[in-house]
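Tertiary structure, described
As a plain string of letters, each chain reads:
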Amino acid sequence: MTVEAVVPYDSISPFARGDGVETRLMIGRGRVDDPPFTTGTTIFPKDAAAPMHSHNCDEQVTVLEGQAMAEVAGARSELGPMDTSFVPADVPHRFVNIGDGPLKILWIYAAAEVTRTFTDTGKTVPHLSQGDKV
């Protein structure tokens with residue numbers, strides 16, 4: 001069993017999501033065996049956004065840096081540093097960078113196997129797979 005008690009952030013290779021958006025998997029499959037959750041960060045450049053989507057599990061998102069517009073089930077809320085949202089499984093949502101600089105979020109999924117379903121197409125892909133782009 002792989003157990004990593006400390007994961008230096010700079011040691012995590014970023015996953016390019018398109019449009020300059022980068023995600024880093026902090027804890028999840030591939031890093032530890034049978035994790036009870038999946039967590040990481042995503043950095044959105046100015047004016048970038050995630051497409052409307054949902055997941056197969058609950059998600060918590062905390063803004064670490066910048067300003068975000070969170071759209072969850074049709075409701076919009078502005079979030080700043082350390083503001084947190086909870087998105088239940090299968091609820092359409094997205095985050096948009098509305099600040100003047102980068103938006104950095106910390107996300108935590110309540111599952112080891114995470115999927116993303118794009119609202120516009122209905123297509124479901126594994127989280128952080130080649131189909132999981134913005």
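Please refer to the structure higher up on the page.
These numbers were taken from a predicted model, which means no experiment stands behind them.

This part takes up the environment of Ser-13. Here Ser-13 shows up in the segment before strand S1 (15-18). Along the backbone, Ser-13 and Gly-30 are 17 residues apart, and their C-alpha atoms lie at a distance of 12 Å. When neighbours within four sequence positions are excluded, Ser-13 is seen to be in contact with Thr-23 and Arg-24.

If you look at the biggest cluster of nonpolar residues, it comprises 17 residues, and the most contacted ones within it are Phe-44, Val-63, Leu-79, Leu-103 and Ile-105. Looking at this core, the elements with two or more residues in it are strand S5 (59-65), strand S6 (68-72) and strand S10 (103-109). It is S10 that contributes the most residues to this core, four residues altogether.

It is worth spelling out the side chain of Arg-116 at this point. Of note, Arg-116 is situated in strand S11 (residues 115-118). On the basis of relative accessible area, Arg-116 is assigned to the buried category, the value being 6%. Of note is the side chain of Arg-116, whose polar atom sits 2.4 Å from the side chain of Asp-132.

Tallied over the full model, the rule gives seven salt bridges. Of the charged contacts, one joins Asp-34 and Arg-29 as a salt bridge, the two residues approaching to 3.7 Å between their closest N and O atoms. The exposure class of Asp-34 is exposed, given its relative accessible area of 64%. Its salt-bridge partner being Arg-94, residue Glu-71 comes within 3.3 Å of it at the nearest N-O pair. On the criterion of sequence distance, the pair formed by Glu-71 in strand S6 and Arg-94 in strand S9 (residues 93-97) is long-range, its members being 23 residues apart. Looking at Glu-71, the relative accessible area reads 12%, which means it is buried.

Reading guide: rules and limits
Sequence order as written defines the numbering, with residues in each chain counted from 1. For a predicted model such as this one, the threshold for reporting local features is a pLDDT of at least 70, and the threshold for listing and counting side-chain atom pairs is 80 or more; totals across whole chains, interfaces and linings nevertheless cover every residue. Hydrogens are left out, water is left out, and the side-chain values use all remaining heavy atoms of the structure. Secondary structure follows DSSP: runs of H or I at least 4 residues long count as helices, runs of E at least 2 residues long count as strands, and numbering of each begins at the N terminus. Throughout, a residue-residue contact means that at least one pair of heavy atoms, one from each residue, lies within 4.5 Å. Only buried Ala, Val, Leu, Ile, Met, Phe, Trp, Tyr and Cys residues count toward a nonpolar core, and they belong to the same one when joined by side-chain atoms within 4.5 Å. Three exposure classes are used, based on accessible area relative to the maximum for each residue type with a 1.4 Å probe and protein chains only: buried under 20%, partly exposed in between, and exposed over 50%. For the purposes of these results, a polar contact is taken to be a pair of N or O atoms within 3.5 Å, where, inside protein, one atom must be able to donate a hydrogen and its partner to accept one; residues adjacent in sequence count only when each atom of the pair is a side-chain atom. When a carboxyl oxygen of Asp or Glu is within 4 Å of a side-chain nitrogen of Lys or Arg, the pair counts as a salt bridge.

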